[in-house]
Amino acid sequence: WELENSCSHAEDVGIRCYPGTWAGIRLGMTAHESHIKGVVIEKAGLLDYTTRTFKPALQIDFHHHVIQDIEVRDNSHDGVGVIYSNQYAIANPDARVFKGCSFTRNKRHGISLKQMGVNITGEC
């Protein structure tokens, strides 16, 4: 009751709140095949809070990995982002396959692809 409104609308302030997240998992450019099986990736995707830059919860730079029975849910951006896929010289037929995976309630896409060459099988 003793306060005086001395601000104009030019001095209005807005606040945008984001839920707490972590950066997620990134499979960078490696020569070796990685295996991810039976994990849950959730509440991920924040790369840099100062620039409000978001990234996929699971980012795969060069896809020649085995991804099986994972659940990717409730993330701040895409669930999975695949940049490039190894389309040649694959020794393992299970590589480049999302097998039995679930992608739900992500803020953007379940899976985003920059290049062809990914197989999705099972109950994805």
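What you see is a predicted model; the values in this text were computed from it and never measured.

This part covers the overall build of the chain. From N to C terminus, the chain includes zero helices and 13 strands. Here the chain has a C-alpha radius of gyration of 20 Å; the compact-globule value for 124 residues is 14 Å, and the former is much larger. In terms of principal-axis extent, the alpha carbons of the chain reach across some 75 × 25 × 20 Å. In the chain, which comprises 124 residues, the proportion classed as buried is 32%. Restricting the contact set of the chain to residue pairs at least 6 apart, pairs at least 24 apart contribute 62%. Here the chain has roughly 8500 Å² of accessible surface; of this, 52% comes from carbon and sulfur atoms. Looking at the chain, you have 13 positive and 14 negative side-chain charges, and the mean spots of the two groups are 8 Å apart.

Criteria and cut-off values
- Residues numbered from 1 in each chain as written.
- Predicted model: local features only at pLDDT ≥ 70, side-chain atom pairs only at ≥ 80, totals over all residues.
- Heavy atoms only, no water.
- Helix = DSSP H or I, 4+ residues; strand = E, 2+ residues; numbered from the N terminus.
- Rg over C-alpha atoms; globule rule 2.2 N^0.38 Å.
- Buried < 20%, exposed > 50% of the residue type's maximum accessible area, 1.4 Å probe, protein only.
- Contact = heavy atoms within 4.5 Å.
- Areas by Shrake-Rupley, 256 points an atom, 1.4 Å probe, with all protein chains shown as cover.
- Lys, Arg positive; Asp, Glu negative; His and termini not counted.
- Charge placed at Lys NZ, Arg CZ, Asp CG, Glu CD.

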